[in-house]
Amino acid sequence: MICLPPIAKRQGCALLQPPASKSEHPYLKPMLDALGGCVECANDDIMSALMAPTCLMGPMYGIMMNNRDWLVNQGVSPEDASYFVGRTYLAIVQDGERDCRDPHRFDELVAEQTPGGLNEQSLRNLENQGMFDSYNNAMDAILSRLQGKSDGSLPTKSD
């Protein structure tokens, strides 16, 4: 079982392996669901794969820090920039969390971006810069570390 820090605030999702239905502790899933959510993992490989995105917390905070710094460089006060970025990302994440059991939810959120609009353009620009490939590479590296196949490091741009 993996319980991440947000579980303490009833805002996270625990990973449970073996599934409660296959263990001597059938009460675990309902208990973990009450603490924010639970995904039962059929095996260690599935649990390791699900652990990889949890390692994007630091990069998410890095994006938020970068957004704040960019706003400060545009003349926004550090306090206003920090507050605005935090509240904006909260709203974005809450929108993504709604109906998140629907496997098409994120596709729908991407598809609803106004064609030719600023969000659609930002998405396209970041796709063209290889952002999603970079995220996939980072998750592959973390998975490799979790599986004991590597130290999880990726080559730097200068390598």
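Note: the structure precedes this text.
Rules and cut-offs
Residues numbered from 1 in each chain as written. Predicted model: local features only at pLDDT ≥ 70, side-chain atom pairs only at ≥ 80, totals over all residues. Heavy atoms only, no water. Helix = DSSP H or I, 4+ residues; strand = E, 2+ residues; numbered from the N terminus. Buried < 20%, exposed > 50% of the residue type's maximum accessible area, 1.4 Å probe, protein only. Salt bridge = Lys/Arg side-chain N within 4 Å of Asp/Glu carboxyl O. Patch = residues over 30% accessible without salt bridge, like charges linked within 9 Å, V, L, I, M, F, W, Y side chains within 5 Å. Areas by Shrake-Rupley, 256 points an atom, 1.4 Å probe, with all protein chains shown as cover. Lys, Arg positive; Asp, Glu negative; His and termini not counted. Charge placed at Lys NZ, Arg CZ, Asp CG, Glu CD. Core = buried A, V, L, I, M, F, W, Y, C linked by side-chain atoms within 4.5 Å. Polar contact = N/O pair within 3.5 Å; in protein donor to acceptor, adjacent residues only side chain to side chain. Contact = heavy atoms within 4.5 Å. Axes fitted to C-alpha atoms, helices over the stretch in contact; angles between N-to-C directions. Parallel < 35°, antiparallel > 145°, perpendicular 65-115°, else oblique. Left-handed = near helix turned anticlockwise from the far one by under 90°. Nonpolar A, V, L, I, M, F, W, Y, C, P; charged D, E, K, R; others polar.

## Considering the overall build of the protein
Counting secondary structure elements, the protein contains seven helices and two strands. The secondary structure elements of the protein, listed N-terminal to C-terminal, are β-α-β-α-α-α-α-α-α. If you line up the protein on its principal axes, its C-alpha atoms span 60 × 40 × 35 Å. Split into buried and exposed, the 159 residues of the protein put 19% on the buried side.

## So, unusual backbone geometry
That bond from Gln 17 to Pro 18 is cis: its omega, 5°, falls within 30 degrees of zero. Structurally, Pro 18 is set in the loop between strand E1 (14–16) and helix H1 (28–34). For Arg 10, which is not glycine, the phi dihedral falls at a positive 60°. By the element assignment, Arg 10 lies in the segment before E1.

## Topic: the pattern of salt bridges
Under the defined criterion, the tally for this structure stands at four salt bridges. The salt bridge involving Lys 29 is made with Asp 33; its shortest N-O contact spans 2.9 Å. Here Lys 29 and its partner Asp 33 are both found in helix H1, four residues apart, which amounts to about one turn of the helix. The exposure class assigned to Asp 33 is partly exposed, which follows from its relative accessible area of 32%. For Glu 120, the salt bridge goes to Arg 124, with nearest N and O atoms at 2.8 Å. With a gap of four residues between them, Glu 120 and Arg 124 both fall in helix H6 (residues 118–128), about one helical turn apart.

## Some thoughts on a negative patch on the surface
Residues Glu 97, Asp 99, Asp 107, Glu 108 and Glu 112 make up a contiguous surface patch of negative charge. Structurally, Glu 112 can be placed in the loop between helix H5 (105–111) and H6.

## Here we look at the nonpolar core
With seven residues, the main nonpolar core is built from Ile 7, Ala 14, Leu 16, Ala 20, Leu 28, Leu 32 and Cys 38. Counting residues in each nonpolar core, the second largest holds five residues, with Met 64, Ala 81, Val 85 and Tyr 89 among its members.

## Looking at the side chain of Arg 105
Looking at the element boundaries, Arg 105 is found in helix H5. According to the relative accessible area criterion, Arg 105 is buried, its value standing at 12%. A polar contact is formed between the side chain of Arg 105 and the backbone oxygen of Arg 98, at a distance of 2.7 Å. In contact with Arg 105, other than residues within four places in its own chain, are Asp 95, Gly 96, Arg 98, Asp 99 and Cys 100.

## Let's talk about the environment of Ala 141
With respect to the element layout, Ala 141 can be found in helix H7 (residues 131–146). Measuring from C-alpha to C-alpha, the distance between Ala 141 and Leu 154 comes to 6.8 Å, with 13 residues separating the pair along the chain.

## Comments concerning the environment of Val 76
Along the chain, Val 76 falls in the loop between helix H3 (57–73) and helix H4 (78–97). Excluding its chain neighbours within four sequence positions, the residues that come into contact with Val 76 are Leu 71 and Ala 81.

## Some points on the side chain of Ser 144
Position of Ser 144 among the secondary structure elements: in helix H7. Look at Ser 144 and you get buried, because its relative accessible area is 16%.

## Structural notes on the packing of H3 against H4
Where H3 contacts H4, the two axes come as close as 9 Å, and the packing angle between them is 140°. Between H3 and H4, the angle is such that the two are oblique. The element H3 and its partner H4 pack so that their crossing is right-handed. Residues Met 60, Ile 63, Met 64, Asn 67, Arg 68, Leu 71 and Val 72 of H3 pack against Pro 78, Ala 81, Ser 82, Phe 84, Val 85, Gly 86, Tyr 89 and Val 93 of H4. The class makeup of the residues in the contact of H3 with H4 is 11 nonpolar, three polar and one charged.

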